[in-house]
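Observations on chain architecture
If you want the building blocks of each chain, they are given just below.
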Amino acid sequence: MKVQDLVDAMERIAPTRHAEVWDNVGLLVGSPEEELSGPLLLAIDLTEPVIAEAVRLKCGAVLAYHPPIFHPLRRLTTATGKERVILRAARAGIAVYSPHTAIDSAPGGMTDWLADGLLDRAGIVKADRRALGPRIDRENSQEMKIVTFVPAAKADDVRAALASAGAGIIGNYELCSFTAPGTGTFLGKEGARPAVGAAGRLETVAELRLEMVCSRKALALAIATLKQFHPYEQPAIDVYELLGKPERTAGLGRRLVLDQPASLGKLAERLKTHLEIPTVKVAAAAAHVAEKPLRFVGVCPGAGADLAPLALSEGCEVYVTGEMKHHEVMVMLDGGMSVILAGHTNSERGYLPRLRERVLEQLKGVKCLVSREDRSPFTWR
């Protein structure tokens, strides 16, 4: 088994296309062609104790949720802890992979795991769930749409020409197009050389509207090719930019609609049980001080402040995340949304055993361990 097998397995579990554009996910240290010898170690943060544990266990790779390389490194020395862990991993031949927001957004990923903790363990309470910020699915080959109008007898030629320039690709299919019949009119001015009729009089022509998708990169060539093979001297060409299609189950955050509403206190208790922590921070909006049943819940692991305004605008009554600043919480309370904070890595670390199960399903025969040295930097007293 090679490091590439780990990369492929993680691509199935948490496709890197689900990651945010600002993030740094995927294989960060190591060669895909290297042999994946030794166990795989799972951790939230690649700290010096964690990399020492990985070396001690003769691990072949560390799966670190938070990217240990996020901002560009100007040098790789022993001057800082971040540099030391990367250098030690490289020297020991230990690959490092980070899924971060890719596994946050993916169905069945970290966010869905955190959302599960707000339901009851007996499985009686159900909830409709969707992404707060749905991932927008737009294949490169479907960024634009070219529309032209052509006599039916020449439609096949123009379609084939556009396809040769990269248009008409949808997934595993090529030469994809749509045609609809209609009637075109034109009046050629003096000097025009119409392919149908004559200049100086109004002509009416039976035509097909031909539509094909295209990548932005291939657009210029596709238009030039269309003009070359179109029978008209000056063909009519429309170009549309296409919006992506939102995926309901993939993207940042989740919005739950509980089929059995629960009070703020009850949700806090469920969260503590799920995360196996003694306490959480609860900021109750004025309307939720009493044991009012709440139905609409927003969820985001880690630092969820950026997503909180969206949760509020989507009608969430309570927002569950790892950490937010005081003033960020106050803004949400003013808007009528309560907030529950579990601690940044407290809202993430409990997912590692589930991730271990998913990795073992994909990589048969690999030994996969959850780090014993990976822990929150904070203690509760």
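As a starting point, this report considers the structure included with it. Keep in mind it's a predicted model, so treat the numbers as computed, not measured.

**Observations concerning the overall build of the protein chain**
- Scanning the protein chain for helices and strands turns up 12 helices and 15 strands.
- Taking 21 Å as the expected radius of gyration for a compact globule of 381 residues, we find that the protein chain reaches 28 Å, considerably beyond that expectation.
- Overall, the C-alpha framework of the protein chain stretches about 90 × 55 × 40 Å when taken along its three principal axes.
- Sorting the 381 residues of the protein chain into buried and exposed places 47% on the buried side.
- Sequence separation of 24 or more characterises 73% of the internal contacts of the protein chain that already satisfy a separation of 6 or more.
- Carbon and sulfur atoms form 53% of the exposed surface of the protein chain, whose accessible area is close to 19,600 Å².
- Once the 47 positive and 46 negative side-chain charges of the protein chain are each reduced to a mean point, those two points are 3 Å apart.

**Here's the deal with helix H3 (residues 81–92)**
- Helix length check: H3 (12 residues) gives 16 Å between terminal C-alpha atoms against 16 Å at 1.5 Å per residue, within 8%.
- When H3 is considered as a whole, its buried residues turn out to be Glu83, Val85, Ile86, Leu87 and Ala89.
- Contact partners of the buried residues in H3: strand E1 (26–29), helix H2 (48–56) and strand E4 (95–98).
- Glycine 93 sits one or two residues past H3 and shows a positive phi near 70 degrees.

**A look at the pairing of strand E6 (residues 144–150)**
- Among the 7 residues in E6, 5 count as buried, and that is most of the element.
- With 7 bridges joining them, E6 and strand E8 (residues 202–214) adopt antiparallel strand pairing. Bridging from a neighbouring strand, valine 150 pairs with leucine 208 of E8.
- Two elements, E6 and strand E9 (residues 237–241), share 5 bridges in a ladder whose sense is antiparallel. Opposite methionine 144, over in E9, you have glutamate 241 as the bridge partner.

**Structural notes on the environment of arginine 135**
- Note that arginine 135 resides in strand E5 (residues 127–137).
- Here arginine 135 falls in the buried class, since its relative accessible area comes to 14%.
- Dropping the residues within four chain positions of it, arginine 135 is found in contact with Arg17, His18, Lys245, Pro246, Glu247, Ala250 and Gly251.
- A polar contact is formed between the side chain of arginine 135 and the backbone oxygen of arginine 17, at a distance of 2.9 Å.

**A look at the sheet that holds strand E15 (residues 368–370)**
- Judged by pairing direction, the sheet is mixed, and its 5 strands sit side by side in the order E1-E4-E3-E2-E15 without closing on themselves. The outermost strands of the open sheet, each flanked by one partner alone, are E1 and E15. In this sheet, neighbouring strand axes are inclined to one another by 25 degrees on average, regardless of whether the strands run parallel or antiparallel.
- One ladder, built from 3 bridges, connects strand E2 (residues 40–43) with E15; its direction is parallel. Bridging from a neighbouring strand, leucine 40 pairs with cysteine 368 of E15.

**Concerning the sheet that holds E8**
- If you trace the 4 strands from one edge of the open sheet to the other, you get E7-E8-E6-E9, paired in antiparallel fashion. Edge strands, defined here as strands with exactly one partner in the open sheet, are strand E7 (178–187) and E9. Strand-to-strand, the axes of this sheet are offset by a mean angle of 25 degrees, without reference to chain direction.
- Along the sheet, helix H6 (residues 155–164) contacts E6, E7 and E8; its crossing angle with E8, the most-contacted strand, is approximately 30 degrees.

**With respect to the packing of helix H1 (residues 3–13) against helix H12 (residues 352–362)**
- Across the interface, H1 lies against H12 with an axial gap of 10 Å and an inter-helix angle of 120 degrees. Comparing the axis directions of H1 and H12 gives the class oblique. The crossing of H1 and H12 is right-handed. Taking contact as the criterion, the partners of Ala9, Met10, Arg12 and Ile13 in H1 are, on H12, Leu355, Arg358, Val359 and Gln362.

About the thresholds
Residues numbered from 1 in each chain as written. Predicted model: local features only at pLDDT ≥ 70, side-chain atom pairs only at ≥ 80, totals over all residues. Heavy atoms only, no water. Helix = DSSP H or I, 4+ residues; strand = E, 2+ residues; numbered from the N terminus. Rg over C-alpha atoms; globule rule 2.2 N^0.38 Å. Buried < 20%, exposed > 50% of the residue type's maximum accessible area, 1.4 Å probe, protein only. Contact = heavy atoms within 4.5 Å. Areas by Shrake-Rupley, 256 points an atom, 1.4 Å probe, with all protein chains shown as cover. Lys, Arg positive; Asp, Glu negative; His and termini not counted. Charge placed at Lys NZ, Arg CZ, Asp CG, Glu CD. Expected span 1.5 Å × (residues − 1). Pairing = 2+ DSSP bridges. Polar contact = N/O pair within 3.5 Å; in protein donor to acceptor, adjacent residues only side chain to side chain. Axes fitted to C-alpha atoms, helices over the stretch in contact; angles between N-to-C directions. Parallel < 35°, antiparallel > 145°, perpendicular 65-115°, else oblique. Left-handed = near helix turned anticlockwise from the far one by under 90°.

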